[in-house]
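Coordinate analysis (summary)
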Amino acid sequence: MKRIFLIMSILAIFSSAFAKKATTPMVDRIEPANWFAGMKNPTLQIMLHGEGIREAEVSIDGVCFNTVKLESPNYLILYVDLTGREAGEMPINITLGKKKQTIKYPILEREMAGEARKGFDNSDVLYMLMPDRFAKGSQMNRMADNTMKGRGGKVIADDIKSAYRVDRTEPSLRHGGNLAGIREHLDYFKELGVTALWFTPVLENDSPDNGHASTYHGYATTDYYRIDPRFGSNEEYRQLIDEAHACGLKVVMDMIFNHCGFEHPWISDLPSKDWLNNSEWLFAPKEAPAAATPGQSTTYSGGINKLYKQTSYKLTTTVDPYASKVDLGETVDGWFVPSMPDLNQRNHHVMTYLIQNSMWWIETVGIDGIRMDTYPYADYDGMASWMKAINEEYPNYNVVGESWVTEPAFTAALQKDSKISEKNSYLNTVMDFAFFDRVNKAKNEDTDDWFNGMNQIYNCFVYDYLYPNPSSVMAFLENHDTDRFLGNGKDVKKLQQGLALLLTCNRIPQLYYGTEVLMNGTKEITDGNVRCDFPGGFPGDKVNKFTAEGRTAEENAAFNWLSTLLHWRQGNDLVTKGKMTQFIPYNGVYVIARQLNGKTCMTIVNGKDKAGKLLVERYAEVIGEKKSARDVITGKAVDLTSDINLDARGTLIIEF
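Okay, so let's go over this structure. The model shown is predicted, which means the values in this text are computed figures rather than measured ones.

Quick notes on the overall build of the protein
Looking only at helices and strands, the protein features 17 helices and 28 strands. At 26 Å, the protein has a C-alpha radius of gyration in line with the 26 Å of a compact globule built from 656 residues. Looking at the protein as a whole, 60% of its 656 residues qualify as buried. Across the protein, every contact between residues at least 6 apart in sequence was considered, and the portion connecting residues at least 24 apart equals 71%. Here the protein displays about 26,500 Å² of accessible surface, and carbon together with sulfur accounts for 51% of that area. Within the protein, the 84 negative side-chain charges are centred at a point lying 2 Å from the centre of the 71 positive side-chain charges.

Things to note about the pairing of strand E23 (residues 599–606)
Most of E23 sits out of view: 7 of its 8 residues are buried. Bridge count for strand E22 (residues 589–596) against E23 is 8 bridges, and the pairing is antiparallel. Within the sheet, the bridge partner assigned to Leu 596 lies in E23 and is Lys 599.

Some remarks on the packing of aromatic side chains
Centre distance and the angle of the planes are the two values used to describe a pair of aromatic rings. Summed over the entire model, instances satisfying the criterion amount to 38 aromatic pairs. Look at Phe 336 and Tyr 377: their rings are 5.2 Å apart centre to centre, the planes differ by 85 degrees, and that puts the pair in the edge-to-face class. Residue Phe 336 is found in the loop between helix H8 (325–333) and helix H9 (348–365), and its partner Tyr 377 is found in the loop between strand E16 (369–372) and helix H10 (380–393); the two are separated by 41 residues along the sequence. Geometrically, the ring pair formed by Tyr 463 and Tyr 465 is tilted, given 6.1 Å between the ring centres and 40 degrees between the ring planes. Tyr 463 sits in the partly exposed class, given a relative accessible area of 37%. On the basis of relative accessibility, which here comes to 60%, the residue Tyr 465 falls in the exposed class. Over the ring of Phe 485 we find Lys 443; its NZ or CZ atom is 4.3 Å from the centre of that ring. Arg 618 extends its terminal NZ or CZ atom over the ring of Tyr 586, reaching a point 4.1 Å from the ring centre.

As for helix H14 (residues 492–504)
Along an α-helix, residues three or four positions apart point the same way, because every turn accommodates 3.6 residues. In a regular helix each residue adds 1.5 Å, so 13 residues correspond to 18 Å; H14 covers 18 Å between its end C-alpha atoms and thus fits that length. Most of H14 sits out of view: 12 of its 13 residues are buried. Of the residues that open H14, the one with a side-chain oxygen 3.3 Å from the backbone nitrogen of Lys 493 is Asp 491.

Thoughts on the packing of helix H6 (residues 234–246) against H9
Packing of H6 against H9 brings their axes to within 10 Å, and their N-to-C directions diverge by 65 degrees. On the side of H6, the interface is formed by Asn 234, Tyr 237, Arg 238 and Ile 241, while H9 contributes Trp 360, Trp 361, Thr 364 and Val 365. Class assignment for the residues of the contact of H6 with H9 results in 5 nonpolar, 2 polar and 1 charged.

Quick look at the environment of Ser 312
Mapped onto the fold, Ser 312 is located in the loop between strand E15 (304–305) and H8. Among the residues examined, Ser 312 registers a relative accessible area of 22% and is labelled partly exposed. Sequence separation of Ser 312 and Gly 329 is 17 residues, and the distance between their C-alpha atoms is 9.3 Å. A distance of 3.3 Å separates the side chain of Ser 312 from the side chain of Thr 331, its partner in a polar contact.

Some details on the sheet that holds strand E5 (residues 64–69)
Overall, antiparallel pairing links the 4 strands, which are arranged E1-E3-E6-E5 in an open sheet. Taken across any chain shown, the strands that pair with only one partner, and hence form the sheet edges, are strand E1 (29–31) and E5. Strand-to-strand twist of the sheet, defined as the mean angle between neighbouring strand axes without regard to direction, takes the value 20 degrees. Sheet topology places E5 next to strand E6 (residues 75–81); 6 bridges connect them, and they run antiparallel. Bridge pairing in E6 places Thr 67 opposite Leu 78.

Looking at the nonpolar core
The biggest cluster of nonpolar side chains holds 162 residues, and the ones touching the most others in it are Tyr 127, Phe 189, Tyr 237, Ile 367 and Trp 386. The residues touching Trp 386, leaving out its near neighbours within four places in the chain, are Phe 257, Met 351, Ile 355, Ser 358, Ile 370, Met 372, Tyr 375 and Val 399. One finds Ala 593, Met 602, Ala 629 and Leu 652 within the second-largest nonpolar core, a separate group that totals 19 residues.

Structural notes on the sheet that holds strand E26 (residues 637–639)
Strand pairing within a sheet occurs via backbone hydrogen bonds; the two strands may be parallel or antiparallel. Pairing is antiparallel in the open sheet, where 6 strands are placed in the order E21-E22-E23-E28-E25-E26. A single partner strand is all that each edge strand has here, and the edge strands are strand E21 (579–586) and E26. Sheet twist, expressed as the mean angle between neighbouring strand axes with direction ignored, is 25 degrees. Seen against the sheet, H14 touches E22, E23 and strand E28 (651–655) and runs at an angle of roughly 150 degrees to E23.

What counts and what doesn't
- Residues numbered from 1 in each chain as written.
- Predicted model: local features only at pLDDT ≥ 70, side-chain atom pairs only at ≥ 80, totals over all residues.
- Heavy atoms only, no water.
- Helix = DSSP H or I, 4+ residues; strand = E, 2+ residues; numbered from the N terminus.
- Rg over C-alpha atoms; globule rule 2.2 N^0.38 Å.
- Buried < 20%, exposed > 50% of the residue type's maximum accessible area, 1.4 Å probe, protein only.
- Contact = heavy atoms within 4.5 Å.
- Areas by Shrake-Rupley, 256 points an atom, 1.4 Å probe, with all protein chains shown as cover.
- Lys, Arg positive; Asp, Glu negative; His and termini not counted.
- Charge placed at Lys NZ, Arg CZ, Asp CG, Glu CD.
- Pairing = 2+ DSSP bridges.
- Phe/Tyr/Trp six-rings, centres within 6.5 Å; stacked < 30°, edge-to-face > 60°.
- Lys NZ or Arg CZ within 6 Å of the ring centre and 35° of its normal.
- Expected span 1.5 Å × (residues − 1).
- Polar contact = N/O pair within 3.5 Å; in protein donor to acceptor, adjacent residues only side chain to side chain.
- Axes fitted to C-alpha atoms, helices over the stretch in contact; angles between N-to-C directions.
- Nonpolar A, V, L, I, M, F, W, Y, C, P; charged D, E, K, R; others polar.
- Core = buried A, V, L, I, M, F, W, Y, C linked by side-chain atoms within 4.5 Å.

Don't take any of this as a statement about function, it's just geometry.
Set out below in structure tokens:
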């Protein structure tokens, strides 16, 4: 591990080393800063940036390569064939006029073969958290507390150019959480019983605050090869992942290929106009009238102009066989917001850059999976090429794509090897927004004999025949973009019903941080109200809900209930591999059963606001001759020879 830290430290100063020379460097940025020997695809793209570098002459001894000149005179792309190249330095000789420069490009040994990297699957439970809002650790605190002149009293982190403020009273500004805070609570995740951690993006977001708003969420990348120094460093990210692995925890990295941040160096020096979709508005003449837009970056004063095109957010156009070109174009090529430039995945150089970037992080820090943001907003063929490349290099890996449409047919068409799509996405795991939608409706309805309440969830699973692989679909009750499942209340019984179904159905389950201690909130005013700080994660917090002593009796009961269920699920093939059978809600009672090798578990939920009863005889096909079962939560025996009484909105999970 020391070797890795040394190498990464060298890489971290790679670019800055150029600036320390007496003469102006020809190359001030090179991406990626290193690569790896023995990759299945031997072609490496190297992007060089420097004033006038497009006209430079390049030579690399012992390898074949070609150069690509872009519109900007300050970029030069090399495509290098590394076939047979072993680890070591690869000198790249650059001549521009009378200037000469040699870059000793590092080719590193891989830590393991691509086949050895195993991703997450339905035996895992992902715990999603926001680093800025989870905890502030002491070991990686890089922020200066002093007031910077000319910055309006705002604090500045190391190497962050844009002014920002850390203010925990503002729901949409930065709160100061970091990687150290996550690392210092690895034992908490083990105690809870989750097996994988998904952080919202941790890459650099060097964008200025805009009034009461900021990019604390991480979805406006300004450097694809650098951890945001407010969270930590590349080395610290690797250290966190290594320690998580030692605790039996996987780490999933959140990536965004659809767009970047407006302060990314590409925007101030665009490699080519087709590097972005609909970039025309950035070059519009003065006579194009401006229109003010809320939430715009302070980088481009004057607002957007008439050439600006924003997405419609209507993802159905990507599967609609009758979609017009204008509608599809608005969805895929329109910008998500003005401060997030829309990348053009149809540009081969852009897509190659992104593909390599994802592989670089896998090889460099050992992430166990990728969650891809705004998946259908990007070009379908471009994203399919990325997934195909990932699957070929890492056949046992996994990626989940965010696809916010609540119809199962849409989601199923996006999964790898779908029979209802003309094209193959090669995307192994898709997010089940249909389940999210139905379970959140069901919790507020009394279950009747037809459509309401638990019938909504039953009818959702009916369409699993559309999926090539239902067990590789990710289900969830809530996430950082939705209201919390508890809303503004704390109905524990309804929460337990949702969690019981989530953790025992044929899905990969994902939890949202704080649910285990009954954190609630809605986004009716701001998204920040569903992204609150975890109590006890920050210096000065009056309560610490990471400990039993800091939790209320109700919170401890909720935590212990969920922890018991999660630990029971770990390594339990019955739940993750067992055949799933569901029963139409009867008298308000909905049942899911899983069966494997003579063992059975049943999740029983009463979807009514009054007491109910499980009529045992109706479920004879899964109960068989069994006379008793064990309550998974309490460990008590449950009599299967007579009907089982259920409390209003009661939940029972049994195994036999």
